[in-house]
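# Remarks on the overall topology
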Amino acid sequence: MSAIVISGKDLAKEKRGQMKEEVELLVKEGVQPGLAVILVGEDPASQSYVKAKQKACEEIGIYSVLHKLDDSITETQLLEAIQSFNDDPRIHGILVQLPLPAHISEKAVIERISPDKDVDGFHPISVGKMMIGEETFLPCTPFGIVEMIKSQGITIEGKHVVVVGRSNIVGKPVGQLLLNENATVTYCHSRTKDMKSITKQADILVVAVGKANFIDASYIKEGSVVIDVGVNRLDTGKLCGDVVYDEAKEVASHVTPVPGGVGPMTITMLLFNTIQSAKKLLVSVK
């Protein structure tokens, strides 16, 4: 067996083409979607992510603002910067790039973002609505994963999903979104005993632990769908996922590559959420 590769890069390109048309229609109606990105400090990875987000906005016509702040900024000053974008009618989405300096409370920052502009889907109100299945902004990486699975015509309902990892950004919310799609969901984490016996039951296996090549073929059920969220850099400089790709593709029915898998879809769903926020404003004005 050689698995079908689910290319997030290709799906993102398709969806961004559709979004560009949506943005053009919104602009004709008098609303240009706007995204504010706040970057604190000089972390190279964060700078790279922000640059990619700005480029994506430019490509589809979203108005974007990059607000760079020194890592010595106080928490109060950062909260004031967020509030200024909460109050700015040109801005429909606000993203504060994580991680933040140790002296700033991530919780306080996330809670200061207006739920109406929480396009990252991290605010407790957004998370609560997601949990009970109400309409809200969905967290971008989990949202992108669900879209990737659906793009292949894979039925989620009734399937056994195993999520390896329980972070608030990916693991927990992706399990909840798949539960909302009527899957049966099991979580595995660092305290799980005999993890392999559980992952081998998965019809859909989502791996998000941040450990290079953590899952090999012995963890994977034949014919399953394997979604690799990890992005790790080896000593050689090469990027790899949390899954041993060359082994997984010989066992799974579908697999995502690294790079070019989940990553491009994360930014794409951020753009999607920003456009939806602008559309809501247009409806409320009408």
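Right above here is the structure, for reference.
What comes next concerns the included structure. (Residues numbered from 1 in each chain as written. Predicted model: local features only at pLDDT ≥ 70, side-chain atom pairs only at ≥ 80, totals over all residues. Heavy atoms only, no water.)

### Overview of the overall build of the protein chain
- A count of helices and strands for the protein chain gives ten helices and eleven strands.
- Viewed in the frame of its principal axes, the protein chain has a C-alpha envelope of about 50 × 40 × 35 Å.
- When burial is assessed residue by residue, the protein chain has 49% of its 286 residues classed as buried.
- The contacts in the protein chain between residues at least 6 apart in sequence include a share of 70% that link residues at least 24 apart.
- Element-wise, carbon and sulfur atoms account for 51% of the exposed surface of the protein chain, whose accessible area totals about 13,800 Å². (Helix = DSSP H or I, 4+ residues; strand = E, 2+ residues; numbered from the N terminus. Buried < 20%, exposed > 50% of the residue type's maximum accessible area, 1.4 Å probe, protein only. Contact = heavy atoms within 4.5 Å. Areas by Shrake-Rupley, 256 points an atom, 1.4 Å probe, with all protein chains shown as cover.)

### Details of the sheet that holds strand β5 (residues 160-164)
- The strand order across the open sheet built from six strands is β1-β11-β8-β7-β5-β6, with neighbouring strands paired in parallel fashion. The open sheet terminates on both sides in strands that have one partner only, identified here as β1 (4-5) and β6 (184-188).
- Where strand β8 (residues 225-228) meets strand β11 (residues 254-255), two bridges bridge the pair, whose relative direction is parallel. Its bridge partner lying in β11, valine 225 is registered against histidine 254. (Pairing = 2+ DSSP bridges.)

### Concerning the pattern of salt bridges
- Inspection of every chain in the model, using the stated rule, returns eight salt bridges.
- Of the charged contacts, one joins glutamate 147 and lysine 15 as a salt bridge, the two residues approaching to 3.1 Å between their closest N and O atoms. Pair noted here: glutamate 147 is in helix α6 (residues 140-151) and lysine 15 is in helix α1 (residues 8-28), with a separation of 132 residues, a long-range link. A single burial state applies to glutamate 147 and to lysine 15, both of which are buried.
- Across the pair aspartate 203 and lysine 221 runs a salt bridge, and its minimum N-O distance is 2.7 Å. Remark: lysine 221 occurs in the loop between β7 (204-207) and β8 and aspartate 203 occurs in the loop between α8 (195-199) and β7; sequence separation between them is 18 residues.
- Classification of lysine 221 by relative accessible area gives partly exposed; the value is 30%. (Salt bridge = Lys/Arg side-chain N within 4 Å of Asp/Glu carboxyl O.)

### Here we look at the packing of α6 against helix α7 (residues 171-180)
- Relative to each other, α6 and α7 sit at 45 degrees, their axes nearing to 8 Å. Between α6 and α7, the angle falls in the class oblique. Judged by the sense of rotation from one axis to the other, the crossing of α6 with α7 is right-handed. For the pair α6 and α7, contact is made by Pro142, Phe143, Ile145, Val146 and Ile149 and by Pro173, Val174, Leu177 and Leu178, respectively. (Axes fitted to C-alpha atoms, helices over the stretch in contact; angles between N-to-C directions. Parallel < 35°, antiparallel > 145°, perpendicular 65-115°, else oblique. Left-handed = near helix turned anticlockwise from the far one by under 90°.)

### Section: the side chain of lysine 117
- Structurally, lysine 117 is set in the loop between α4 (106-112) and α5 (124-131).
- Buried and unpaired, lysine 117 has no salt bridge, with aspartate 88 as the nearest side chain of opposite charge at 6.2 Å.
- For lysine 117, the side chain forms a polar contact with the main-chain oxygen of phenylalanine 85, separated by 2.9 Å. (Lys, Arg positive; Asp, Glu negative; His and termini not counted. Polar contact = N/O pair within 3.5 Å; in protein donor to acceptor, adjacent residues only side chain to side chain.)

### Quick look at the nonpolar core
- Counting 50 residues, the largest nonpolar core has Ile145, Leu178, Val206 and Ile227 as the members making the most contacts within it.
- Among the elements that take part in this core, helix α10 (residues 262-285) stands out by supplying nine residues, more than any other.
- Apart from the residues within four sequence positions on either side, valine 206 is in contact with Ile145, Val162, Val163, Val164, Val174, Leu178, Ile227 and Val229. (Core = buried A, V, L, I, M, F, W, Y, C linked by side-chain atoms within 4.5 Å.)

### A short note on the pairing of β8
- Covered by surrounding structure in β8 are Val225 and Ile227 together with Val226 and Asp228, the residues of both alternating faces.
- By the bridge criterion, four bridges tie β7 to β8 in an arrangement that is parallel. Bridged to valine 206 within β8 is isoleucine 227.

### Details of helix α2 (residues 44-60)
- Over its 17 residues, α2 runs 25 Å from end to end, which matches the ideal 24 Å to within 8%, given 1.5 Å per residue.
- Positive backbone phi, approximately 95 degrees, marks glycine 61, located one or two places after α2. (Expected span 1.5 Å × (residues − 1).)

### Quick look at the pairing of strand β3 (residues 63-69)
- The pairing of strand β2 (residues 34-40) with β3 spans seven bridges and is classified as parallel. When the bridges of β3 are listed, alanine 36 appears paired with valine 65.
- Once you follow β2 into α2 and on to β3, the crossover reads as right-handed. (Right-handed = clockwise from strand over helix to strand, strands pointing away.)

### A look at the state of the cysteines
- Going through the model one piece at a time under the given rule, you end up with zero disulfides.
- Free cysteine: cysteine 57, not disulfide-bonded; nearest cysteine sulfur from cysteine 140 at 11 Å.
- What makes cysteine 57 buried here is its relative accessible area of 1%. (Disulfide = S-S within 2.5 Å.)

Keep in mind these values describe shape, not function.
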